[in-house]
Amino acid sequence: MEGEELKESKKFLTDSRRVTTSHIAIRPTKEDNGKKLVCRAQNPRLSESALEDSWKLNVQYKPEISVKLRSNDQGHEVQEGANIYLDCNINANPQYRELQWMFDDHRLFPGPENGIEIHGLTLMIKNLTREHEGDYYCVAENSVGKGQSNNIHLVVLFSPICASRQKTIYGVGKHENVEISCELTAQPPEVEFRWRFNTSGNIDSFQSNRTTSIATLSLKSKYDYGILYCWGENSIGVQKEPCIFHIIPAARPDPVTNCSIENQTEKSFMVVCSSGDDGGLIQQFHLEVFIKNSQALLVNHTSLDQPVFEVSDLPPGSPLRITVYASNTKGKSPAVLLETRTLLSAEKHTGNVLPLFISPLLAILLGIIIVLVTLAVIILIIVKRRRTRLQQGVALDSSNGQKSNEQIKSIDDQPEPEDKCPDVVPPRNLTPGTEFDDMVMNPAIKMADLGNQRIYENLRIERDRTYENVIAQQEFLPNQEELMYSVLSLPETKTQLVRNTDVEHTEYANIDHQRSHNLRSCPGMETEEELDGYSVETPLMNSLKSDRRGGRTDRKRPVVSTVV
C-alpha cells in the first residue's frame, strides 16, 4: 500500500491446477481513503515474470468537523460592537448533506434582527452585543452518521451596566445610617466605582469588590434626602447610564381602610381591607382575632401582599373582636378594630353582612325610570282607545240607516253662516218624503266622522231631481221672501268623492268667461243693468228674463235652491 509491503496472513498452493492463492486482512482508517492497494506475484525462477493488480480504497466515515474563530489576537474574547467570522471545517466521506450552526444548543437562523449571516461554511455576526456571548459549534450529517464540531465559547467585552432586579428605593428616617448596594455587570469584571449625591447629602464611605460597591450614608436633616448616583469603569470604557437610587423619608405605615366582613358562617368569615401608605418601606399586614371582652387569642394571620384574610375553625355563636394593622421596619400602624360574631347553626348563610345601602343618585334614577314607564303605558292605552273609537265610527252597519238619517238631518238643521253671497243654494223648499230619503248615504259609503265631515259620498241623484221637475212640484213657492243659503263645509282630511254613475242627466251652467271679470252684487241687490247681464246662463235666469220682457214685473224674484 503506497509502496509499503504488507505481510500476508495466509497463502496455500494447489499442485493439481498449479494455482497459488494469497489472503491479507487489513483495517483501513479515514487516512487510507484513496490509497492504492497492490497485489504482486513473481516466479523467482523466471526473470521478468512478475504480475500485479491494484485497487483504490474508498473508506467511508461520518463527518469530522472543527470550528475556528477567524484572525482574532485575543483568542475568543471580542469587544462589543465588532464583527466576527466563524469557519466550520468538514471532512467526510461521502459528502455531508446539511450544515447547521448551533448557539447554546439552539440552531441559528440568519436574519437582520439578530445580525446573523451564513455564507457557505462561514458564520458572520455583525455588531456584536452581550446577547451573543455563549457557545458556538456546527453539525453535519451524511449516510454514515452525524458529526459535531468542537465548541467555541465567545466572550463579549463591554463597559459596565447596572444589574437588573436590585433595590432602588430606600426609606430612611432622620439621624439614621443606611447602606446602599450598587451592582454592575461588566466584562472584564474589574470595575472602579464612583458615587455622587444630587443634594447636600454626604457619602461617608463606600467599599468595592469587582462589580459590587456598598456606600454608607448618614441622614441628619431633610435636605440629605434625594437621589444617589453610582457608575463604574473598566478597561473597555466608562458606564454610559449611571444607576439611580432614591433616598426618601421613612416612617411607620398608615392604617388600613374600608374593612368589611364577608362570607360569614358559623365557623368562618373573611376580612377584606384596603392598604394605606407604606411609609416608604415594604409593609406587611396582620390580623388578630380575640374572644370579645377577653384576651384569649384565637387567630393570628399575616399577609405579605394585600390585607385580605380568611379565618376558619372558630366556635359557633361566639362574639369576636378583630384587630387589623400594618407594619414595616419602622414599626406598626394604628390598629383597626372590628366586632362580629360567628353564626348559630340556624343562622348559617353566606354573603356580605353589611346592610343594603342605596345611594340617593340611584334612587332618583329608579324613580325617573318608573315615571317614564308609567307615562308610556298611559299613552299606549289612550292611543289604543282612540283607534278603537275611530274603527267603530268607520265600520257602519246597514242596520243603522235610521240613525244615519237623523244625523244627516241634524247636520242640515244647523244654523246658516253669516255669508251674504252664497255660492251654492240647497233645495230647502222640498218636502221630505220618499224621494228625499233616497238622498241618504248608501250603506256602502264610508263616513269617518259625522261631527267633523259634511261630505256625502256616492249620492244617488235620480232623474226626477232635475230643475224642471223641482219647479213643477207643488211644494215650490216662487213668492217666498226668505233667502236660504247653504254652506259647503270642506273637511280638513282628504276624502275621495265617488260619483254615482247611475245619474243619466246632469245639467251644467254655461259660464261666460269674458263677462265674468267684473264683480257682481249679491242676489236681491242687483242693479237694472246687472239683471240683464248675468254671466251664468241657467234655466232659472232665462225664465226671469222672459218674465221681465213679458211685463210680469209684479211677481217677486224667487230664489231656488239647487241640488249639489
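In this report, the structure presented in the accompanying data block is examined.

Rules and cut-offs
- Residues numbered from 1 in each chain as written.
- Predicted model: local features only at pLDDT ≥ 70, side-chain atom pairs only at ≥ 80, totals over all residues.
- Heavy atoms only, no water.
- Pairing = 2+ DSSP bridges.
- Helix = DSSP H or I, 4+ residues; strand = E, 2+ residues; numbered from the N terminus.
- Axes fitted to C-alpha atoms, helices over the stretch in contact; angles between N-to-C directions.
- Salt bridge = Lys/Arg side-chain N within 4 Å of Asp/Glu carboxyl O.
- Buried < 20%, exposed > 50% of the residue type's maximum accessible area, 1.4 Å probe, protein only.
- Polar contact = N/O pair within 3.5 Å; in protein donor to acceptor, adjacent residues only side chain to side chain.
- Contact = heavy atoms within 4.5 Å.
- Phe/Tyr/Trp six-rings, centres within 6.5 Å; stacked < 30°, edge-to-face > 60°.
- Lys NZ or Arg CZ within 6 Å of the ring centre and 35° of its normal.
- Patch = residues over 30% accessible without salt bridge, like charges linked within 9 Å, V, L, I, M, F, W, Y side chains within 5 Å.
- Areas by Shrake-Rupley, 256 points an atom, 1.4 Å probe, with all protein chains shown as cover.

1. Points about the sheet that holds strand E10 (residues 116–119)
Here is step 1 of the chain: In space, the four strands of this open sheet follow the order E5-E7-E11-E10, with antiparallel pairing throughout. The open sheet has two edge strands with one neighbour each: strand E5 (61–69) and E10. On average, each strand axis in the sheet is inclined to that of its neighbour by 20 degrees, with strand direction left out of account.

2. Thoughts on the pattern of salt bridges
Here is step 1 of the chain: Inspection of the entire model under this criterion finds 12 salt bridges.
Here is step 2 of the chain: The salt bridge involving Arg-40 is made with Glu-52; its shortest N-O contact spans 3.4 Å. With Arg-40 in strand E3 (residues 36–41) and Glu-52 in strand E4 (residues 51–56), this residue pair connects regions lying 12 residues apart in the sequence. Side by side, Arg-40 and Glu-52 carry an identical accessibility label, which is exposed.
Here is step 3 of the chain: Of the charged contacts in the structure, one is a salt bridge between Lys-330 and Glu-176, with a shortest N-O distance of 2.2 Å. One end of the pair, Lys-330, is in the loop between strand E27 (319–328) and strand E28 (331–332); the other, Glu-176, is in strand E16 (residues 176–187), with 154 residues separating them in the sequence.
Here is step 4 of the chain: Several salt bridges share partner residues, and in doing so they unite Lys-30, Glu-31 and Glu-64 into one network.

3. Points about the sheet that holds strand E17 (residues 192–197)
Here is step 1 of the chain: Spatially, the four strands line up as an open sheet ordered E15-E21-E20-E17, and their pairing is mixed. Across the chains shown, the open sheet's two edge strands, defined by having one partner strand only, are strand E15 (169–172) and E17. The mean inter-strand angle of the sheet, taken between neighbouring strand axes irrespective of direction, is 25 degrees.
Here is step 2 of the chain: The pairing of E17 with strand E20 (residues 226–233) spans six bridges and is antiparallel. By the bridge assignment, Phe-193 is partnered in E20 with Gly-232.

4. Here we look at the side chain of Ser-149
Here is step 1 of the chain: With respect to the helices and strands, Ser-149 occurs in the loop between strand E13 (146–148) and strand E14 (152–162).
Here is step 2 of the chain: Among the residues examined, Ser-149 registers a relative accessible area of 6% and is labelled buried.
Here is step 3 of the chain: A polar contact of 2.8 Å, which involves the side chain of Ser-149, links it to the backbone nitrogen of Cys-138.
Here is step 4 of the chain: Those residues in contact with Ser-149 that sit more than four places away from it in its chain are Ile-65, Ser-66, Val-67, Tyr-137 and Cys-138.

5. With respect to the packing of aromatic side chains
To describe a pair of aromatic rings, one takes the distance between the centres and the angle between the planes.
Here is step 1 of the chain: As enumerated under the stated definition, the model contains four aromatic pairs in all.
Here is step 2 of the chain: Geometrically, the ring pair formed by Phe-103 and Tyr-136 is tilted, given 4.7 Å between the ring centres and 35 degrees between the ring planes. Linking Phe-103 in strand E8 (residues 98–103) with Tyr-136 in strand E12 (residues 134–141), this pair joins segments that are 33 residues apart in sequence.
Here is step 3 of the chain: Taken together, the aromatic side chains of Tyr-170, Trp-195, Phe-206 and Phe-245 make up a single cluster linked through ring pairs.
Here is step 4 of the chain: In this structure, Arg-130 is placed above the aromatic ring of Phe-158, and the distance from its NZ or CZ to the ring centre is 5.1 Å.

6. A look at a nonpolar patch on the surface
Here is step 1 of the chain: Taken together, the side chains of Leu-361, Ile-364, Leu-365, Ile-368, Val-371, Leu-372, Leu-375, Ile-378, Ile-379, Ile-382 and Val-383 present a nonpolar region at the surface, about 1,000 Å² in accessible area.
Here is step 2 of the chain: Along the polypeptide, Ile-368 turns up in helix H1 (residues 360–394).
Here is step 3 of the chain: Judged by its relative accessible area of 44%, Ile-368 is partly exposed.

Honestly, that's just the spatial picture; any functional story needs more than this.
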